[in-house]
Amino acid sequence: MALSANANIKRMVTPAILTKKLVDGALHVYRMALLNYEAANIGYAKLGSDTLLEEFCGIALEEVDVSAAQNTADGTYTCKVYPRGNGDLFLLPVRSNITIANEGDPVYVDGDDYVDIASGIVNTTNGFVGIIREFVSTNSAYVQMTQHPIL
């Protein structure tokens with residue numbers, strides 16, 4: 001193509017809603033579940049867990065409920081996701097007891113239904129979800145899904 005040829009510009013408005021391929025096996029993903037990329041199988045999402053070597057993927061926007069017999073290969077099913085690092089704030093449950101002093105602290109995946117501060121987590125490397133921007137209660141806060149410094 002010549003440098004002077006026009007090309008169509010394709011872009012996504014942020015926060016983008018992405019479609020992620022899910023891992024094989026029995027899955028019950030529900031709306032607002034935290035998802036990780038499966039360790040050693042990056043690109044395929046699974047339910048979030050505080051597991052080393054797994055990277056945070058995003059927050060599910062839809063329910064997917066399939067049996068192992070239905071889901072025999074990675075990528076057979078997909079899920080719409082708010083991806084990590086999108087900049088939006090989400091009201092999320094926090095497993096540890098927090099106070100207003102935790103505003104500005106990072107939180108990490110602690111299962112598919114909770115985030116937690118560093119003191120309650122194993123995976124403080126790739127499990128990063130975002131930063132507490134507003135304390136709401138002892139176990140909930142608005143978390144901004146900021147970009148991980150290296151992922």
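Please refer to the structure placed before this passage.
The residue count restarts for each chain, going from 1 along the sequence in the order it is written. In keeping with the predicted nature of the model, local features appear solely for residues at pLDDT of at least 70, side-chain atom pairs appear and are counted solely at 80 or more, and the whole-chain, interface and lining totals rest on all residues. Excluding hydrogens and water, the side-chain figures rest on all heavy atoms present in the structure.

Draft legend 1. Seen up close, the pattern of salt bridges. We count a salt bridge whenever a side-chain nitrogen from Lys or Arg sits within 4 Å of a carboxyl oxygen from Asp or Glu. Per the counting criterion, the structure on display carries four salt bridges. Here glutamate 54 and lysine 46 are joined by a salt bridge, their closest N and O atoms 3.2 Å apart. Exposure class is identical for glutamate 54 and lysine 46. Each is buried. A salt bridge links glutamate 55 to arginine 84; the shortest N-O distance between them is 3.1 Å. Taken together, the positions of glutamate 55 in strand 5 (residues 55–60) and arginine 84 in the loop between strand 7 (78–83) and strand 8 (89–93) put the pair 29 residues apart, joining distant regions of the chain. Here the term buried applies to any residue with accessible area under 20% of the maximum for its type, exposed to any over 50%, and partly exposed to those in between, with areas from a 1.4 Å probe on protein chains only. Here glutamate 55 falls in the buried class, since its relative accessible area comes to 15%. For arginine 84, a relative accessible area of 23% translates into the label partly exposed. The way it works is that DSSP assigns letters per residue, a run of H or I at least four long becomes a helix, a run of E at least two long becomes a strand, and they are numbered from the N terminus.

Draft legend 2. Looking closely at the state of the cysteines. Throughout, a disulfide means two cysteine sulfur atoms within 2.5 Å of one another. Per the counting criterion, the structure on display carries zero disulfides. Distance from the sulfur of cysteine 57, which forms no disulfide, to the nearest cysteine sulfur (cysteine 79) is 8.5 Å. Using a relative accessible area of 0% as the deciding quantity, one classes cysteine 79 as buried.

Draft legend 3. Local environment of the pairing of strand 4 (residues 44–47). For two strands to pair, DSSP has to find at least two bridges joining them. Where strand 1 (residues 18–22) lies against strand 4, two bridges are found, and the strand directions are parallel. Within strand 4, the residue paired with lysine 21 across the bridge is tyrosine 44. One ladder, built from three bridges, connects strand 3 (residues 34–37) with strand 4; its direction is antiparallel. Residue pairing for strand 4: leucine 35 is matched across the bridge by leucine 47. The turn joining strand 3 and strand 4, which pair antiparallel and follow one another in sequence, is formed by six residues; a positive phi near 60° is taken by alanine 40.

Note that every value here comes from positions in space, so none of it alone points to a role or purpose.
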